[in-house]
Amino acid sequence: MLSTPETQTAAPASPTPVNPPAALSHFDPLVADWFAARFATVTEPQLLGWPQIREGHDVLISAPTGSGKTLAAFLHAIDSLVRRARLGPLPGHTEVVYVSPLKALSNDVHKNLEVPLAEISALAAERGIPLAPIRTALRTGDTPQWERQKLLRKPPHILVTTPESLYILLTAAKPREM
């Protein structure tokens, strides 16, 4: 089910596979081509979520594990950064904050952020398309002090954190500058 403040759309009784190129037409060609090469179809949470996310709505996607919810959210953020990275260096501040419980963090970050970014960057290089680096970082309670200082000096474009660490980031003066 997909919920936004303006609408509530129940999932159809039986999901219909969607041809990736049609569903990916609003994404940068690098992102769309990467997705189409990696996945056979777009999942229902992605199909229903992407238009709402693209329009700037607050979106809650509720679906079973493995249905593509996290990638639905990350792909839009990756797309936005890739589009701007094509034009040159990205700003020196954090643009996306992803909050996840510690238990799910490692898998979420690797499968839905690190792998797509690395493969999209490789695709850009293969095609001779200049793409500025997109920095990511993970901040938890276990993050060493030296790494926390590094985050302040060179903030990531995408910051992945836990609810507990987000509280610290929002209430401490220096981290709020990211």
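As the structure is a prediction and not an experimental result, all values here were calculated from the model. Every chain begins its residue count from 1, and numbering advances along the sequence as written. Only residues with pLDDT of 70 or above have their local features reported here, since the model is predicted, and side-chain atom pairs are shown and tallied only from 80 upward, although totals for entire chains, interfaces and linings are computed over all residues. The basis for every side-chain value is the complete set of non-hydrogen atoms in the structure, without hydrogens or water.

Caption draft 1: Broad picture of the nonpolar core. By nonpolar core we mean a set of buried residues, namely Ala, Val, Leu, Ile, Met, Phe, Trp, Tyr and Cys, connected to one another through side-chain atoms within 4.5 Å. Per-residue accessibility, obtained with a 1.4 Å probe over protein chains only, is compared with the maximum for each type, and a residue is labelled buried under 20%, exposed over 50%, and partly exposed between these values. Formed by 34 residues in total, the largest nonpolar core has its most connected members in Phe35, Trp50, Leu75, Ile158 and Val160. Counting residues per element, the ones that place at least two in this core are helix H2 (29–38), helix H4 (69–85), strand E4 (96–99), helix H5 (102–126) and strand E6 (158–161). Numbered from the N terminus, helices here are DSSP runs of H or I no shorter than four residues, and strands are runs of E no shorter than two. Here the element with the most residues in this core is H4; it accounts for 9 residues. Leaving out residues up to four positions away in the same chain, Leu75 has contacts with Phe27, Val31, Trp34, Phe35 and Trp50. Counting residues in each nonpolar core, the second largest holds 5 residues, with Ala137, Leu151, Leu159 and Met178 among its members. It only takes one pair of heavy atoms within 4.5 Å for two residues to be counted as in contact.

Caption draft 2: How the structure looks around the sheet that holds E4. Any two strands with at least two DSSP-identified bridges between them are counted as paired. Here 3 strands make up an open sheet; going across it, the order is E4-E6-E5 and the pairing parallel. Every interior strand has two partners, whereas the edge strands, E4 and strand E5 (136–139), have only one. Averaged over all pairs of adjacent strands, the angle between their axes in this sheet comes to 20 degrees, without regard to strand direction. Pairing analysis gives 4 bridges linking E4 to E6, with the strands arranged parallel. Across the sheet, residue Tyr98 finds its bridge partner in E6, namely Val160. Comment: axis = line fitted to C-alpha atoms, over the contacting stretch for helices; angle = value between 0 and 180 degrees taken between N-to-C directions.

Caption draft 3: Spotlight on the layout of surface pockets. A cavity here means a set of points on a 1 Å grid, drawn over the protein atoms and nothing else, where a 1.4 Å probe fits but cannot get out; a pocket is an open set with protein on both sides within 12 Å along at least five of seven lines, and a residue lines either one if it has an atom within 4 Å of a point. Grid points are joined across faces, edges and corners, and a volume is the space filled by probe spheres set on the points. Taken as a whole, the largest pocket spans an internal volume of roughly 390 Å³. Gly66, Ser67, Gly68, Lys111 and Asn112 are, among the 22 residues lining the largest pocket, the residues nearest its centre. Of all the elements in the fold, those that place two or more residues in the lining of the largest pocket are H2, H4 and H5. Tallying contributions element by element places H5 first for the lining of the largest pocket, with 6 residues. Under this grouping Gly is polar, as are all residues other than the nonpolar Ala, Val, Leu, Ile, Met, Phe, Trp, Tyr, Cys and Pro and the charged Asp, Glu, Lys and Arg. Classifying every residue of the lining of the largest pocket by side-chain character gives 7 nonpolar, 11 polar and 4 charged. In this structure, the second largest pocket spans a volume of roughly 290 Å³.

Caption draft 4: Region of interest: helix H3 (residues 44–54). Within the sequence span of H3, burial applies to Pro45, Gln46, Gly49, Trp50, Gln52 and Ile53. Positioned one or two residues after H3, Gly56 has a phi angle of 85 degrees, which is positive.

Caption draft 5: Structural view of the packing of H2 against H5. Contact geometry for H2 and H5: axes closest at 10 Å, N-to-C directions at 115 degrees. One finds that H2 runs roughly perpendicular with respect to H5. Crossing geometry of H2 relative to H5 is assigned as right-handed. From H2, Leu30, Val31, Asp33, Trp34 and Arg38 reach across to H5, where they touch Val115, Pro116, Glu119, Ile120, Leu123 and Ala124. Our angle categories are set so that under 35 degrees counts as roughly parallel, over 145 as roughly antiparallel, 65 to 115 as roughly perpendicular, and the remainder as oblique. In this scheme the crossing of two helices becomes right-handed for a clockwise turn of the near helix relative to the far one and left-handed for an anticlockwise turn of less than a right angle.

Caption draft 6: Main features of the pattern of salt bridges. Think of a salt bridge as a Lys or Arg side-chain nitrogen and an Asp or Glu carboxyl oxygen that are within 4 Å of each other. Within the structure shown, the criterion is met by 5 salt bridges. Note that Arg86 and Asp28 form a salt bridge whose closest N and O atoms lie 2.8 Å from each other. Taken as a pair, Arg86 in the loop between H4 and E4 and Asp28 in the loop between helix H1 (20–23) and H2 lie far apart in primary sequence, 58 residues in all. Note on Asp28: relative accessible area 4%, which makes it buried. A salt bridge links Arg38 to Glu119, with the shortest nitrogen-to-oxygen separation between them at 2.6 Å. Remark: Glu119 occurs in helix H5 and Arg38 occurs in helix H2; sequence separation between them is 81 residues.

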